[in-house]
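Letter by letter, the chains look like this.
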Amino acid sequence: MKRLKGRTALVTGAASGIGRATARRLAAEGAIVIISDIQQEAGEAAAAELREEGSTATFVQHDVTSEDGWKQVIDQVVAEHGKLDILVNNAGIGDSLPIEETDMKTWDRTIAVTQTSVFLGMKAAAEALKASGNGSVINISSIFGTSGGFGVSPAYHAAKGAVRLLTKTTALHWATEGVRVNSVHPGFIDTPILDQNRDEASMGAMVGTTPMGRLGKPEEIAAAIAFLASDDAAFVTGSELYVDGGFTAR
Ligand code: NAP
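This report concerns the structure included in the present document. (Residues numbered from 1 in each chain as written. Predicted model: local features only at pLDDT ≥ 70, side-chain atom pairs only at ≥ 80, totals over all residues. Heavy atoms only, no water.)

We now examine the overall build of the protein chain. When its secondary structure is counted, the protein chain shows seven helices and seven strands. Reading the protein chain from its N end, one meets helices and strands in the order β-α-β-α-β-α-β-α-β-α-β-α-α-β. Dimensions of the protein chain, computed from the C-alpha atoms along their principal axes, are close to 50 × 35 × 35 Å. Expressed as a percentage of its 250 residues, the buried residues of the protein chain come to 48%. Entry remark: accessible area of the protein chain is about 11,300 Å², with carbon and sulfur atoms responsible for 54%. Taken together, the 22 basic and 30 acidic charged side chains of the protein chain have centroids lying 7 Å from each other. (Helix = DSSP H or I, 4+ residues; strand = E, 2+ residues; numbered from the N terminus. Buried < 20%, exposed > 50% of the residue type's maximum accessible area, 1.4 Å probe, protein only. Areas by Shrake-Rupley, 256 points an atom, 1.4 Å probe, with all protein chains shown as cover. Lys, Arg positive; Asp, Glu negative; His and termini not counted. Charge placed at Lys NZ, Arg CZ, Asp CG, Glu CD.)

In structure tokens form, the structure reads like this:
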């Protein structure tokens, strides 16, 4: 189904994991996709892969913590494609220690990449999204944006909780401006972000607390993002969509 034909989409953190799967899904649904990531080589490869599959995709190297970087990327997208319809604020990193062991450097970096980036992205893209007439922003939060998880990773929880409410207040502000804003809350998804937690105990904890008894796939998050990006979600704004194998139903 080509629900996104003629739409232009920017996906951050799209060289890997959920972002990469999202770029592929949006492209398969007809969107022109701009893959943004801090990782140049993997980002170029992701865009090349989509072009080989017949899609229109380009890569732009972009650190989502840079306000100047955001301005440049949005200006470039509008200059090259005339508009921006879909923004997926996906790039994020996590911390892993308990609060007593979390230093300021880790806190600041995690908040900058995972939380402040979403503020910067929506601010930089506001004018272009409003001009689109079909604006849709999907901010990637987490099950850890609404639950305390395993009691560690304080910066990640704080950032993902902030993303949830930043989504809602911006959705209200743009409710009559033709821009919908929603958050997606993945459960434990099998991507490189989990590579530091592949020991038996961590995998057991993640799978064991997921009622469906398995990790999710990046493509399962991408499908939810594509729905929110499309006109099928035309009356959906300020909502939070959990794709978590039942984690938050407990
Ligand atoms: P991933 O595979 O690590 O992909 C994230 C991408 O973002 C990587 O390419 C990463 O590059 C890039 N990135 C990091 N810092 C950046 C920056 N400053 N500017 C631009 N790009 C940057 O992770 P993922 O699992 O797909 O996660 C995607 C999103 O889903 C994140 O927001 C994450 O918190 C959220 N999420 C994931 C899960 C899960 O279980 N996987 C669950 C809930 C929510 P580097 O590799 O160089 O860091």
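Before going further, it helps to spend a moment on the site of the ligand. Around the ligand sit 29 residues, and of these Ser16, Ile18, Asn90, Tyr156 and Thr191 come closest. At 2.8 Å from an oxygen atom of the ligand is found a side-chain nitrogen or oxygen belonging to Asp37. Residue Asn90 places a main-chain N or O atom 2.7 Å away from an oxygen atom belonging to the ligand. With the chains in place, 88% of the 890 Å² that the ligand exposes on its own is no longer accessible. (Near = heavy atom within 4 Å. Polar contact = N/O pair within 3.5 Å; in protein donor to acceptor, adjacent residues only side chain to side chain.)

Another point: the packing of aromatic side chains. In this structure the tally under the stated criterion is six aromatic pairs. Measuring from centroid to centroid gives 5.9 Å for Phe150 and Phe188, while their planes differ by 5°, and the two rings are stacked. Taken together, the residues Phe150 in the loop between β5 (135-140) and α5 (154-173) and Phe188 in the loop between β6 (179-186) and α6 (200-208) connect sequence positions 38 residues apart. Owing to a relative accessible area of 42%, Phe150 belongs among the partly exposed residues under this scheme. Geometrically, the ring pair formed by Phe188 and Phe247 is edge-to-face, given 5.6 Å between the ring centres and 85° between the ring planes. Residue Phe188 is located in the loop between β6 and α6, and its partner Phe247 is located in the segment after β7 (240-243); the two are separated by 59 residues in the primary sequence. With respect to burial, Phe188 and Phe247 carry one shared label: buried. An aromatic cluster is present here, built from Phe144, Phe150, Tyr156, Phe188 and Phe247 joined pairwise through their rings. (Phe/Tyr/Trp six-rings, centres within 6.5 Å; stacked < 30°, edge-to-face > 60°.)

What follows is about the sheet that holds strand β4 (residues 86-89). Read across the open sheet, the seven strands follow the order β3-β2-β1-β4-β5-β6-β7; overall the sheet is parallel. Of all the strands in the sheet, the pair left with one neighbour each is β3 (57-61) and β7. In this sheet, adjacent strand axes meet at a mean angle of 20° when their direction is disregarded. Examined bridge by bridge, β5 and β6 share six bridges and lie parallel to one another. Across the sheet, the residue bridging to Gly135 is Val179, located in β6. (Pairing = 2+ DSSP bridges. Axes fitted to C-alpha atoms, helices over the stretch in contact; angles between N-to-C directions.)

This part takes up helix α2 (residues 40-52). Helix length check: α2 (13 residues) gives 18 Å between terminal C-alpha atoms against 18 Å at 1.5 Å per residue, within 8%. Listing the buried residues of α2 in full gives Gly43, Ala46, Ala47 and Leu50. Taken around the axis of α2, the buried residues stretch over an arc of 90°, which confines them to a single face. Away from the buried face of α2 by more than 90 degrees, exposed residues Glu41 and Glu52 are located. Those residues of α2 hidden inside the fold are in contact with α1 (17-28), β2 (32-37) and β3. Downstream of α2 by one or two residues, Gly54 has phi in the positive range, about 95°. (Expected span 1.5 Å × (residues − 1). Arc of directions from axis to C-beta. Contact = heavy atoms within 4.5 Å.)

This paragraph deals with helix α7 (residues 218-229). Every α-helix winds through 3.6 residues per turn, so residues three or four apart in the chain are directed the same way. Taking 1.5 Å per residue as the helical rise, α7 with its 12 residues ought to reach 16 Å, and the 16 Å between its terminal C-alpha atoms agrees with that figure. Listed as buried for α7 are Pro218, Ile221, Ala222, Ala224, Ile225, Ala226, Leu228 and Ala229. Where α7 is buried, its residues contact α1, β4, β5, β6 and β7.

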